[in-house]
Amino acid sequence: MKKFLTIAAFWAILTNAFAQTDQNDQQQLNSAQRLLNSNQGLTIGGYGEVHYNQALDGDTYNNGQLDVHRVVMLFGYNFNEKTQFVTELEFEHVKEVYVEQAFIQHKLSNAFQFRGGLMLIPMGIVNEYHEPNTFNGVERPLIDKYIAPTTWREIGAGFTGNILPASIRYQAYIVGGFNGYDGSAKFSGKNGLRKGRQKGAEAYVSSPNFTGKVEYFGIRGLNIGLSGYFGDSQSTLYDGIEKNDKDAVAAADSSTIGMAMIGVDARYTYGGLQLRGQYYHTSLSNTKEYNEFTGNDLGSGMFGYYLEAGYDVFKHFDNVKTGLIPFVRYEAYDTHSKTDGNLAKNDAYDVKAITTGLTLKLTQNAVLKADMQFVKSAASDEYAKTFNAGFGIMF
């Protein structure tokens with residue numbers, strides 16, 4: 001109940017403080033949206049970030065880590081005023097290559113646009129707005145790793161659009177689901193659903209899933225989102241079995257789980273003030289059977305949230321084009337908020353984190369970042385401390 005009251009209080013601050021309506025105020029655009037809004041034939045964009053992470057421990061020496069975390073190139077092509085294609089090619093840690101997005105969009109009207117291909121799952125803030133100049137902190141929030149596994153994308157199709165008179169943007173897609181079992185179990189208490197992402201790489205489907213999001217942007221500086229993801233995980237055990245083979249069907253059924261994830265998020269800016277918050281609640285079914293079949297320790301309930309405040313101290317300086325944003329973020333997540341069967345709750349999966357630091361905007365799309373992060377689980381007596389620094393760009 002306490003966490004729900006905290007979210008409710010933060011929501012009230014966002015929706016009431018300095019409320020000024022402006023029906024033309026649009027949500028911030030990510031890289032793909034920028035390409036889709038271009039009137040050119042071929043459009044090129046990109047983003048990237050380089051990080052330094054240093055664990056701090058008073059009793060031991062720890063090597064730091066230097067990493068070209070990601071360099072991403074985006075290519076968009078407008079065939080005509082209605083039909084467009086966007087792809088995003090990502091190079092991670094210098095050596096790993098991924099296709100993060102590859103979809104076609106056909107515009108029937110502003111309120112009704114078909115989209116199909118490899119797409120981002122529209123959950124929360126960071127999964128869609130993950131360019132390094134769009135969020136504070138060197139690393140993305142922890143809940144967007146362990147609860148909603150950013151960057152989360154799958155192949156699917158559906159519709160999106162803007163209902164401008166109501167200041168609403170929506171997305172609704174049928175997508176392929178998580179790979180829950182392909183000879184080995186992918187879900188666990190430690191990593192949640194993260195290792196089940198198929199990412200469109202020779203993905204298979206035994207049960208399609210649904211995801212959608214509705215955003216309201218009718219108050220100046222405010223964006224509120226409600227998102228959801230519903231369906232079952234996938235299992236290779238269904239492939240080729242006889243429908244009347246009860247033992248094989250029972251085994252396949254034990255290798256899957258049902259998923260219902262709900263997310264609410266809010267972003268608010270007023271002058272130099274920047275507020276944002278996000279909450280995820282995930283219910284998982286059939287976890288007792290899944291754990292007995294696989295030997296894993298997947299919980300039947302997960303949640304995560306964060307609250308963040310920052311202030312651009314250069315905002316009101318005349319003729320200053322840069323920005324300096326001190327910020328603090330508090331977040332909490334638990335991948336064992338609920339367990340079924342004989343599975344005991346593991347306090348190591350109940351985590352709190354505080355991140356505080358500075359974001360220096362050299363321009364709107366080039367930033368230097370530094371922060372300190374303090375992380376503690378319910379099973380630990382002390383906070384683990386990490387210093388992070390890096391830079392990020394988007395164009």
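Every chain's residues receive numbers from 1 upward, in the order its sequence appears when written. Residue-level local features of this predicted model are given only where pLDDT is at least 70; pairs of side-chain atoms are given and counted only at 80 or more, and the full residue set underlies all totals for whole chains, interfaces and linings. Hydrogens and water are ignored here; the side-chain numbers use all heavy atoms of the structure.

1. Things to note about the nonpolar core
We call a set of buried Ala, Val, Leu, Ile, Met, Phe, Trp, Tyr and Cys residues a nonpolar core when their side-chain atoms join them within 4.5 Å. Exposure classes here rest on a 1.4 Å probe applied to the protein chains alone. A residue is buried below 20% of its type maximum, exposed above 50%, and partly exposed in between. By size, the foremost hydrophobic cluster in this structure holds 39 residues, and its most contacted members are Trp152, Leu193, Tyr229, Ile257 and Met261. Elements with a contribution of two residues or more to this core: helix H2 (31-36), strand S2 (65-78), helix H3 (143-146), strand S7 (168-175), strand S12 (258-270), strand S13 (273-285), strand S14 (301-311) and strand S16 (350-363). Numbering of helices and strands runs from the N terminus; a helix is a DSSP stretch of H or I covering at least four residues, while a strand is a stretch of E covering at least two. If you tally residues by element for this core, the top one is H2, at three residues. Contact definition: two residues touch when any of their heavy atoms are within 4.5 Å. Not counting the four nearest positions on each side in its chain, isoleucine 257 is found in contact with Phe187, Leu193, Gly231, Asp232, Ser233, Leu284, Ser285, Asn286, Thr287, Tyr290 and Leu298. Residues Ile219, Leu222, Ala266 and Tyr268 belong to the second largest nonpolar core, which totals six residues.

2. A word on the packing of aromatic side chains
For Phe, Tyr and Trp, rings pair up if their centres lie within 6.5 Å, where Trp contributes its six-membered ring, and each pair is then called stacked (planes under 30 degrees apart), edge-to-face (over 60) or tilted (otherwise). Taken as a whole, this structure holds 14 aromatic pairs when the rule is applied. Between tryptophan 152 and tyrosine 229 the ring centres are 4.8 Å apart and the planes differ by 55°, which places this aromatic pair in the tilted class. Within this pair, whereas tryptophan 152 is found in the loop between H3 and strand S6 (153-163), its partner tyrosine 229 is found in strand S10 (residues 222-232), the two being separated by 77 residues in sequence. In terms of burial, tryptophan 152 and tyrosine 229 fall into one category: buried. Between phenylalanine 187 and tyrosine 290, the aromatic rings sit 5.7 Å apart at their centres with planes inclined by 35°, giving tilted as the arrangement. One end of the pair, phenylalanine 187, is in the loop between strand S8 (179-181) and strand S9 (209-216); the other, tyrosine 290, is in helix H5 (residues 287-294), and 103 residues separate them in sequence. Per residue, the accessibility class of phenylalanine 187 equals that of tyrosine 290, and both read buried. Taken together, the aromatic side chains of Trp152, Phe178, Phe187, Tyr229 and Tyr290 make up a single cluster linked through ring pairs. Placement of a positive charge over a ring is assigned whenever Lys NZ or Arg CZ falls within 6 Å of the ring centre and within 35 degrees of the normal to the ring plane. The residue whose ring lies beneath arginine 329 is tyrosine 306, and the NZ or CZ to ring-centre distance is 5.9 Å.

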